[in-house]
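One-letter residues, chain by chain:
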Amino acid sequence: MDFKTLHLGDLPELLFLQNKVYESLEDKEVLQTLTEREFKEIIAQGFIIGAVDDGELVASRSMYIPTPDEEEHLADDVGIKDKKSVIYSEISFIAPSHRGEGLQTRMGRQLIEMVRADGRFQDVLTTVMPENVPSLKDKFRLGFKIRKTTYKYNGKKRHVMHLNLSQPYVRSGEATWVHYTDTDWMLENGDDYVGNAFDGEYISYYRK
């Protein structure tokens, strides 16, 4: 298995992979697909990598640099003033034949190191559908924390998750364990708590 930065020449294979992954999903709400134009923009920014097995693109993961005036900017949800310090953890695709191999997290670690080396960004933000357990596990493994649970993208319930590249979150006090499906509690208490870890069923929350 080799990892490589993707370029425009990889776009047809990338679109094919996205379609294959989307069609394999039982719950298609889990994946917000990207257009060819959006992929071209991400490729131009330079933070997209792929996993190649025996000459075939079997996985990809990307980061995306939002414009400061972007609608529904995630920095507004977590109180980050300097939007130029923000990069988003974007979409991931894993071919059905290669699920369960840890590729998503391995690519995530590599991308985070690319972002660190670039030097322009302090904060990595992303959204996760609360029912998407594999994505939640991945983000917590990479060091992301739930900073807020809210409605985004025309009323879709999402966790806003945050990774600070130089000042990791330090928890204090006693944990409140909340089942990952109890989004009512998260919507009501998200301004006062940070989701710190996930055991596959419960998320530990600490007061800010």
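Residues numbered from 1 in each chain as written. Predicted model: local features only at pLDDT ≥ 70, side-chain atom pairs only at ≥ 80, totals over all residues. Heavy atoms only, no water.

Quick look at the nonpolar core
Then, in step 1: F47, M63, I87, L125, I203 and Y205 are the most contacted members of the largest nonpolar core, which totals 58 residues.
Then, in step 2: If one sorts the elements of this core by residue count, strand β4 (residues 86-94) sits on top with six residues.
Then, in step 3: When near neighbours in sequence (up to four residues on either side) are disregarded, L125 contacts L74, A75, V78, I80, V86, I87, Y88, S89, F144, M161 and H162. (Core = buried A, V, L, I, M, F, W, Y, C linked by side-chain atoms within 4.5 Å. Buried < 20%, exposed > 50% of the residue type's maximum accessible area, 1.4 Å probe, protein only. Helix = DSSP H or I, 4+ residues; strand = E, 2+ residues; numbered from the N terminus. Contact = heavy atoms within 4.5 Å.)

Side note on helix α1 (residues 11-24)
Then, in step 1: Across its 14 residues, α1 extends 20 Å between first and last C-alpha, which sits within 8% of the 20 Å expected from 1.5 Å per residue.
Then, in step 2: Listed in full, the buried residues belonging to α1 are L11, L14, L17, Q18 and V21. The arc enclosing the buried residues of α1, seen along the axis, measures out at 120°, which places them on a common side. Seen from the open side of α1, the exposed residues pointing more than 90 degrees away from its buried face are P12, F16 and E23.
Then, in step 3: Packed against the buried residues of α1 are α2 (36-45), β2 (48-53), β3 (56-64) and β4. (Expected span 1.5 Å × (residues − 1). Arc of directions from axis to C-beta.)

Thoughts on the packing of helix α4 (residues 103-118) against helix α5 (residues 133-141)
Then, in step 1: One way to put it is that α4 packs onto α5 with a least axis distance of 10 Å and a crossing angle of 35°. Judged by the twist between their axes, the crossing of α4 over α5 is right-handed. Along its contact with α4, which presents Q104, T105 and R109, the element α5 presents P134, D138, K139 and R141.
Then, in step 2: Of the residues that constitute the contact of α4 with α5, the class distribution is one nonpolar, two polar and four charged. (Axes fitted to C-alpha atoms, helices over the stretch in contact; angles between N-to-C directions. Left-handed = near helix turned anticlockwise from the far one by under 90°. Nonpolar A, V, L, I, M, F, W, Y, C, P; charged D, E, K, R; others polar.)

Notes on α2
Then, in step 1: Looking only at α2, the buried set comprises F39, I42 and I43. Across the axial projection of α2, the buried residues extend over an arc of 100°, all falling on one side. Exposed and facing more than 90 degrees away from the buried side of α2 are R37 and A44.
Then, in step 2: Within two residues after α2, G46 carries a phi angle of roughly 95°, on the positive side.

Focus: the pattern of salt bridges
Then, in step 1: Applying the stated criterion to the full structure yields 10 salt bridges.
Then, in step 2: Between D76 and K83 there is a salt bridge, with its nearest N and O atoms 3.1 Å apart.
Then, in step 3: Exposure remark for D76: the relative accessible area of 51% places this residue in the exposed category.
Then, in step 4: For R116, the salt bridge goes to E113, with nearest N and O atoms at 3.4 Å. You can see R116 and its partner E113 sitting in helix α4, three residues apart, about one turn around the helix.
Then, in step 5: Since its relative accessible area comes to 47%, E113 is described here as partly exposed.
Then, in step 6: The structure contains a network of salt bridges with shared partners spanning R61, D138 and K139. (Salt bridge = Lys/Arg side-chain N within 4 Å of Asp/Glu carboxyl O.)

Some remarks on the packing of α1 against α2
For any two helices packed against each other, the geometry is given by the interaxial angle and the distance between the axes.
Then, in step 1: It is the contact of α1 with α2, at a shortest axis distance of 11 Å, that shows an interaxial angle of 125°. Considering the angle they form, α1 stands oblique to α2. Pair α1 / α2 crosses with right-handed handedness. Listed contacts from α2 to L11, L14, L15 and Q18 of α1 are E36, F39, K40 and I43. (Parallel < 35°, antiparallel > 145°, perpendicular 65-115°, else oblique.)

Overview of the packing of aromatic side chains
Then, in step 1: Using the criterion set out here, one finds seven aromatic pairs in the structure.
Then, in step 2: Between F47 and F121 the ring centres are 6.2 Å apart and the planes differ by 80°, which places this aromatic pair in the edge-to-face class. Placement of F47 in the loop between α2 and β2 and of F121 in the loop between α4 and β5 (123-128) is noted, with a sequence separation of 74 residues between them.
Then, in step 3: Accessibility expressed as a relative area gives 5% for F47, which makes it buried.
Then, in step 4: Taken together, the ring pairs connect F140, Y180 and F198 into an aromatic cluster. (Phe/Tyr/Trp six-rings, centres within 6.5 Å; stacked < 30°, edge-to-face > 60°.)

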